[in-house]
Amino acid sequence: MFFFAIFGIQDKNKHIGNCNNIVCPSCGRLSMYEVYKYYKYFHIFFLPIFKWDVRYIVKTSCCGCLYELDPLVGKEFEKNPSTEIREENLQRIDRYSPFKYCSNCRTEVPVEYSYCPYCGERL
C-alpha cells in the first residue's frame, strides 16, 4: 500500500534582519542584534495555507544571548528594518535555545556538539 501525504504542519524560522550598534543587555559590549521570526504553518502540497504561534527571537552577536521580542515591535521591524529595538521590548529566554554559540570564535555550532568544530573550545 502506498500513501502520499498532501498536507502537513511544519516549523519555520526565518532571518528577518540585523540591528547594529547596540549595547548588549547581558554583557554590556557593543554588539548587533540578529532578529529571527519563528512560526508554525499548515501546508497543502507544500504551499503554506496559514501560520500560527508567531514569535520573534533576538540573538546578540557578542555573547549569543537570546531574547523574545515584543510581537508588535517584531512586526514593525519586519516591515521597516530601521525600527529601533529597545531593551524594554526584550524578554530574556532561559529555556532551550535553537542556537549553541562559541564564545571563543563567535560562531554558531550545532546543538549536539560539546566542543566547537572550528576552534576546539569547550562549549
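In case you missed it, the structure is sitting above this.
Predicted model only: the values in this text are computed from it and were never measured. (Residues numbered from 1 in each chain as written. Predicted model: local features only at pLDDT ≥ 70, side-chain atom pairs only at ≥ 80, totals over all residues. Heavy atoms only, no water.)

> Before we go on, may I ask you to explain the sheet that holds strand β3 (residues 47-60) in this structure?
Two orientations exist for strands paired in a sheet by backbone hydrogen bonds: parallel and antiparallel. The 5 strands lie next to each other as β1-β2-β3-β4-β5, forming an open sheet whose pairing is antiparallel. Of all strands in the sheet, those bounded by a partner on one side alone are β1 (7-23) and β5 (90-92). The average undirected angle you get between the axes of adjacent strands in this sheet is 30°. Direction of pairing for strand β4 (residues 66-69) relative to β5: antiparallel, over a ladder of 3 bridges. Each bridged residue has a counterpart across the sheet, and for Y67 the counterpart in β5 is R92. (Pairing = 2+ DSSP bridges. Helix = DSSP H or I, 4+ residues; strand = E, 2+ residues; numbered from the N terminus. Axes fitted to C-alpha atoms, helices over the stretch in contact; angles between N-to-C directions.)

> Teacher, can you tell me more about a nonpolar patch on the surface here?
A cluster of nonpolar side chains, namely I6, F7, I9, I44, F45, L47, I49, F50 and W52, defines an oily patch on the protein surface of about 910 Å² accessible area. Going through the elements one at a time, β1 and β3 are the ones with two or more residues in the nonpolar patch. Relative to the assigned elements, I9 resides in strand β1. (Patch = residues over 30% accessible without salt bridge, like charges linked within 9 Å, V, L, I, M, F, W, Y side chains within 5 Å. Areas by Shrake-Rupley, 256 points an atom, 1.4 Å probe, with all protein chains shown as cover. Salt bridge = Lys/Arg side-chain N within 4 Å of Asp/Glu carboxyl O.)

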